[in-house]
Amino acid sequence: MTSRNFLTIDDFDTDGKTILVRVDLNSPMDPQGNILDDMRIRSHVATLKDLEDAKVVLIAHQSRPGKKDFTTMKPHASLMSKYLSKQVTYVDDIFGTYARTQIASMENGDVILLENVRFYSEESLERPPLEQSKTYPVKKLAPFVDIFLNDAFAVSHRSHLSVVGFTPVLPSGAGRVMEKELVSLDKGIKGAERPSIFVLGGAKVDDSIRVAENVLANGGADRVLFTGVVANAALAASGVNIGKVNLDFIKSQGYEDQIEKARGLLAKFDDKVGLPKDVALNDSKKRVEVPVSELNSDSLPINDIGLETIVDFTKEIENAKTVVLNGPAGVSEIAEFALGTREIIKAATRSGFSIIGGGHISAEVDHLGLAHRFSHISTGGGALIDYLSGEKLPGVEALKVASKTYFEAKKI
Ligand code: 3PG
C-alpha cells in the first residue's frame, strides 16, 4: 500500500490478471509512417516489465483526426516488441468482437496493443469520468479486464474516455511512467531542495508565463530564468527595444497580450525573474552578440541568449539543488544558435535534482548524450505545462478518486 493519493502497480496482485494499460505512444512520424522519435514508446517498457506475469492490453492514440500522421498503431507495436524483447501483438480493432476475442484468449505474459483509440471519434469528447464510463468502449472492454492502469501522463490533461472512463468501474492505478512523472514533477513544483530554479524558454510564451506565475506564487521556485521567445516578450515588457522583427514575431504567434502579462509578473516578482543581459542576433546565420541595452536592429532576429547571459545563467543553474528546464534557449536547430540551450543543459547536469521537459530541448539532451544525467525527463507536452501551471489533470484526478474508492471498499 502506498502513502500517495493514487495507487500504483505495487498495490495490486497483477499475476495472471488482465490489465488494461492506457499508454501514450503518440510520436512524430514521417509521411512514410516511420516513427521519428520513439522516446515515449521506450518509456513504457518499465511498466510492462513489472507486469510480466499478467495479460496486458495496451490502449493508445497516434495524433489527431485530420492530421497527416493520424494513423494505425501497427508500427508502434513493432517498436515496442523490439524494446521489450518479446512479441507485442497489434490488434486491428479497439473494442469490437475481434478485440474482445483476442483479449479473452490471452495467456499470462501476453501483450497486445489495440488500434488507435482516436479512430473511434467519441474518444476525443471531453466528459467527466462517470459519463465516460457509460460509453460503448468502456462497457464492452471492462468486463474482460481486472485492473486499469493509466500510464499516459502525457494525455492526462484530456478527459477522454480511454483516460478517465475505466476508473469508475475498475480498480485503477498509475503505471510506472505516470508514477515517476507525478513524484518527480511534484518535487520540481515544490522545489524539494533549495535553491530551486525554473529555466523557461521555447516559443510558447503563454506556457512559460503560466508556469512562472504558478511556481513563483506558490513559492516552489526561488528563481525563474527566461530564455527563448518568452525572454524577448519579458524584455519588451521591461522597456527594452527588442526590434520590430522580434516584436512582429511575438504578435504573429498571437502573444501580444503576453507582454502585458510579463509586465505584471515582473512587477510582482522582479528580483526573482532573471532576464538575458545580452542576446545573439542572427545576421546571415552568424552570431552577433549585443547587450540588450544596445539593441537597435529592426531586422535581425534574436536567436539565442548572449555569451554573458550564458555565463550568468549557467552559474546560477549549477549552484541550484532543484532545476526544471522547459523549452530551448534559442533556435537550437541552427548549430550556431544552439549554444545557450546546450550550455544550460550541461549546467543542469551539474546541479542537484534535475527535470527536463519539452520536445525540442529533450532532443538536444539526446543529441548531447546526456539523458542519463537528468533525474527525470518528462514525457509530457501540454500535460506537463498544465501540471507545472498548477492545473488539475483529469487523468490524475480520476486516479485519486479511484484510490479513495478502493480503500473505502476495503473497509467494508
Ligand atoms: C501529446 O502529444 O502531447 C499527447 O499525446 C496528447 O496529444 P493531443 O494534444 O493530441 O491530445
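All values derive from a computational prediction rather than experimental measurement.

Enquirer: In this structure, what is going on with the site of the ligand? I would like to understand it.
Expert: The environment of the ligand is formed by Asp24, Asn26, Arg40, His61, Arg64, Arg118, Ala154 and Arg158. Against a free-state accessible area of 310 Å², the protein chains account for coverage of 85% of the ligand. Among the residues forming the shell around the ligand, the class breakdown is one nonpolar, two polar and five charged.

Enquirer: I'm lost on the packing of helix α9 (residues 205–217) against helix α12 (residues 256–269) in this one. Help?
Expert: Pairs of packed helices are described in terms of their axes, by the angle between the two and the distance that separates them. Interhelical geometry of α9 versus α12 gives an angle of 20° and a closest axis separation of 10 Å. Relative to α12, α9 is oriented roughly parallel. Helix-helix and strand crossings are classified by hand; for α9 and α12 the assignment is left-handed. Between α9, through Val205, Asp206, Ile209, Ala212, Glu213, Leu216 and Ala217, and α12, the contact on the second element is made entirely by Gln258, Lys261, Ala262, Leu265 and Phe269. Across the contact of α9 with α12, the residue classes tally to eight nonpolar, one polar and three charged.

Enquirer: For this particular structure, what's the right way to read the environment of Lys82?
Expert: With respect to the helices and strands, the residue Lys82 is situated in helix α3 (residues 74–84). Taking relative accessible area as the criterion, Lys82 reaches 56% and is therefore assigned exposed. Considered as a pair, Lys82 and Arg42 are 40 residues apart in the sequence and their alpha carbons are 9.6 Å apart.

Enquirer: For this particular structure, what's the right way to read the domain arrangement of the chain?
Expert: Many authors give the size of an interface as the accessible area that is lost as the parts come together. The domain boundaries assigned to the chain delineate domain 1 (9–175 + 392–411) and domain 2 (194–351). Just the C-alpha atoms count here: the centres of domain 1 and domain 2 sit 37 Å apart.

Enquirer: Which parts of the structure should I look at to understand the sheet that holds strand β11 (residues 286–291)?
Expert: Through backbone hydrogen bonds, the strands of a sheet pair up, either in parallel or in antiparallel fashion. Sheet architecture is open: three strands sit in the order β11-β10-β12, paired in antiparallel fashion. Edge positions in the sheet fall to β11 and β12 (302–305), since each of these pairs with one other strand and no more. Each adjacent strand pair in this sheet contributes to an overall mean axis angle of 35°, direction not counted. Here strand β10 (residues 278–283) runs beside β12; their pairing, made up of three bridges, is antiparallel. Looking at the pairing, Ala280 lines up with Asp304 of β12.

Enquirer: Would you explain α3 in this entry?
Expert: Working note: α-helix, 3.6 residues per turn, so residues spaced by three or four point in the same direction. Burial in α3 covers these residues: His76, Ala77, Leu79, Met80, Ser81 and Leu84. Elements that come into contact with the buried residues of α3 comprise α1 (39–43), α2 (45–49), β2 (55–59), β3 (88–91) and β4 (111–114). One or two positions beyond α3, positive phi appears at Ser85, with a value near 55°.

Enquirer: Is there a simple way to think about the pattern of salt bridges in this case?
Expert: Under the definition given, this model contains 24 salt bridges. Between Arg210 and Asp207 there is a salt bridge, and its shortest N-O distance comes to 3.6 Å. With a gap of three residues between them, Arg210 and Asp207 both fall in helix α9, about one helical turn apart. On the basis of relative accessibility, which here comes to 16%, the residue Asp207 falls in the buried class.

Basis of the calculations
Residues numbered from 1 in each chain as written. Predicted model: local features only at pLDDT ≥ 70, side-chain atom pairs only at ≥ 80, totals over all residues. Heavy atoms only, no water. Near = heavy atom within 4 Å. Areas by Shrake-Rupley, 256 points an atom, 1.4 Å probe, with all protein chains shown as cover. Nonpolar A, V, L, I, M, F, W, Y, C, P; charged D, E, K, R; others polar. Axes fitted to C-alpha atoms, helices over the stretch in contact; angles between N-to-C directions. Helix = DSSP H or I, 4+ residues; strand = E, 2+ residues; numbered from the N terminus. Parallel < 35°, antiparallel > 145°, perpendicular 65-115°, else oblique. Left-handed = near helix turned anticlockwise from the far one by under 90°. Contact = heavy atoms within 4.5 Å. Buried < 20%, exposed > 50% of the residue type's maximum accessible area, 1.4 Å probe, protein only. Domains from an automatic or database assignment. Pairing = 2+ DSSP bridges. Salt bridge = Lys/Arg side-chain N within 4 Å of Asp/Glu carboxyl O.

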